[in-house]
Amino acid sequence: MQGLTVALLAWALLHPHGGGGGDAWPTHTACKNGDLEVLYQSCDSLQDFGFSIDQCSKLLKPNINIRFGIILREDINELFLDVTLLTKGSSILNFSYPVCELDQPKFSFCGRRKGEQFYYAGPVNSPEFEIPKGEYEVLLELYNENHSTVACANATVICS
């Protein structure tokens, strides 16, 4: 009987969504106004996160304010962001950015440890441009110095 209990406990821990494998995190709205909507969904099977954009305009300003919150499953001595922009299934932009580096920590959250709450509310530098009409898919991944995923998202940008 003890063996059955251990097997059931192991199965429950290894299959947190009931073992179906098809469960996904809900789709969240990062921002929405009359002609722009930004939706996202965590692509990390173990963790969801919160994200919002304060100014929701198809004219992207040089400094947009965002809010991002997550409980860290990994240390972030170094943190990197990879962004891929797709339209109609074709990649039109790939971008990598070092967010935290050992010798140049840019933000106060650099150096946070596993289990700590990571919350950022503030500006993010971006080029100023108008988002063209259309639907775009944005793949984002934050990962640490060991290439362990800190957070990842599939986002959809709809501009009319």
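About the thresholds
- Residues numbered from 1 in each chain as written.
- Predicted model: local features only at pLDDT ≥ 70, side-chain atom pairs only at ≥ 80, totals over all residues.
- Heavy atoms only, no water.
- Pairing = 2+ DSSP bridges.
- Helix = DSSP H or I, 4+ residues; strand = E, 2+ residues; numbered from the N terminus.
- Axes fitted to C-alpha atoms, helices over the stretch in contact; angles between N-to-C directions.
- Phe/Tyr/Trp six-rings, centres within 6.5 Å; stacked < 30°, edge-to-face > 60°.

Novice: What is the right way to read the sheet that holds strand β9 (residues 117-125) from this model?
Specialist: Hydrogen bonds along the backbone pair up the strands of a sheet, which may run parallel or antiparallel. One open sheet holds the three strands; their spatial order is β3-β5-β9, and the pairing between them is antiparallel. At either end of the open sheet lies a strand with only one pairing partner, and these are β3 (50-53) and β9. Across this sheet, the average inter-strand angle for adjacent strands is 10°, counted without regard to direction. Here β3 pairs with strand β5 (residues 63-71) via four bridges, running antiparallel. Opposite F51, over in β5, you have F68 as the bridge partner.

Novice: Explain the packing of aromatic side chains to me, please; I cannot follow it from the model alone.
Specialist: Given two aromatic rings, their pairing is described by the distance between the two centres and the angle made by the two planes. For the coordinates displayed, the defined rule picks out eight aromatic pairs. Measuring from centroid to centroid gives 5.9 Å for Y40 and F51, while their planes differ by 90°, and the two rings are edge-to-face. With Y40 in strand β2 (residues 36-42) and F51 in strand β3, the pair connects residues that are eleven residues apart, well separated along the chain. Here a set of aromatic residues connected by ring pairs shows up, and it is made of Y40, F49, F51, F68, F109, F118 and Y120.

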